[in-house]
Amino acid sequence: MARRRPPDRADEPEESRRAREGIPLMRRARMVALQALYEIDAAGHPPGEVLSARFQAEPLPAEAQAFVQELVTGVLAHRGEIDRLIQRYAPAWPVAQMAIIDRNILRMAIFEFVIARRTSPAIAINEAVELGKLFGSDSTPRFVNGVLGSIAEEMEGKPEGPTS
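Residues numbered from 1 in each chain as written. Predicted model: local features only at pLDDT ≥ 70, side-chain atom pairs only at ≥ 80, totals over all residues. Heavy atoms only, no water.

Asker: Go over the nonpolar core, please, and point to the residues and values.
Answerer: Membership of the largest hydrophobic core comes to 45 residues, with the highest contact counts inside it found for V68, F113 and L148. Going through the elements one at a time, α2 (25-43), α3 (47-57), α4 (62-77), α5 (79-89), α6 (100-115), α7 (121-135) and α8 (140-156) are the ones with two or more residues in this core. Broken down by element, this core gets its largest block of residues, 9 residues, from α6. The contact partners of V68, leaving out residues within four places of it in the chain, are A29, V32, A33, L51, F55 and L60. (Core = buried A, V, L, I, M, F, W, Y, C linked by side-chain atoms within 4.5 Å. Buried < 20%, exposed > 50% of the residue type's maximum accessible area, 1.4 Å probe, protein only. Helix = DSSP H or I, 4+ residues; strand = E, 2+ residues; numbered from the N terminus. Contact = heavy atoms within 4.5 Å.)

Asker: Could you give an account of unusual backbone geometry, naming the residues involved and the relevant values?
Answerer: Notably, R117 is not glycine yet its phi reads approximately 50°, a positive angle. Secondary-structure assignment places R117 in the loop between α6 and α7.

Asker: Let's hear about the packing of α2 against α3: which residues, and what values?
Answerer: Closest axis-to-axis distance for the α2/α3 pair is 10 Å, and the angle between their directions is 140°. On the basis of the axis angle, α2 is oblique to α3. Pair α2 / α3 crosses with right-handed handedness. Facing V32, Q35, A36, E39 and I40 of α2, the residues of α3 in contact are P47, V50, L51, R54 and F55. (Axes fitted to C-alpha atoms, helices over the stretch in contact; angles between N-to-C directions. Parallel < 35°, antiparallel > 145°, perpendicular 65-115°, else oblique. Left-handed = near helix turned anticlockwise from the far one by under 90°.)

Asker: With reference to specific residues and values, describe α8.
Answerer: Compared with the 24 Å implied by 1.5 Å per residue over 17 residues, the 24 Å span of α8 between its first and last C-alpha is a close match. Burial in α8 covers these residues: T140, P141, F143, V144, V147, L148, G149, I151 and A152. Summarising the contacts, the buried residues of α8 are in contact with α5, α6 and α7. (Expected span 1.5 Å × (residues − 1).)

Asker: Could you give an account of the packing of α7 against α8, naming the residues involved and the relevant values?
Answerer: Taken N-terminus to C-terminus, the directions of α7 and α8 make an angle of 165°; their axes are 8 Å apart at the nearest point. Relative to α8, α7 is oriented roughly antiparallel. Judged by the sense of rotation from one axis to the other, the crossing of α7 with α8 is right-handed. Counted together, P121, I125, A128, V129, G132 and K133 of α7 and T140, P141, V144, N145, L148, G149 and A152 of α8 form the full contact between these two elements. Of the residues that constitute the contact of α7 with α8, the class distribution is 8 nonpolar, 4 polar and 1 charged. (Nonpolar A, V, L, I, M, F, W, Y, C, P; charged D, E, K, R; others polar.)

Asker: Account for the packing of aromatic side chains, with residues named and values stated.
Answerer: All told, the structure shown has 1 aromatic pair when counted by the stated rule. Aromatic pair W93 and F143: ring centres 6.1 Å apart, planes at 65°, arrangement edge-to-face. Placement of W93 in the loop between α5 and α6 and of F143 in helix α8 is noted, with a sequence separation of 50 residues between them. A relative accessible area of 19% places F143 in the buried class. (Phe/Tyr/Trp six-rings, centres within 6.5 Å; stacked < 30°, edge-to-face > 60°.)

See below:
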């Protein structure tokens, strides 16, 4: 399948460039990861090809690219576990029937604060809500906040590490 070439940054309008540069780096990285996960989920394109195209379209520093790679590969590797958690906290919404953007925002945040434990729940939830505002429907931010908030609340009551 032929891929469209990303637009040349030299042709990018000044206003778009300024808006993009005003976004914090890690949020930009999450945006790229979300776009990649959306394409992988919706079209079934190979993750490696999708990431290469995303990095060409949105150049990021090496640290941010590594973060994107970690998010995408982590979500894909743990998708079954993550989806079961989503289903548990959003039982009225079968994961397969959720809006693709909503389920991938949830997947990324859950990977970050439940699986990888690389980000605090408060930050992961805030970032997920912000992504929902940018890419989702009007109800996405509230839905994402509710599901992730419930997961975070339950996590607060559980001790970290192995249990006996």
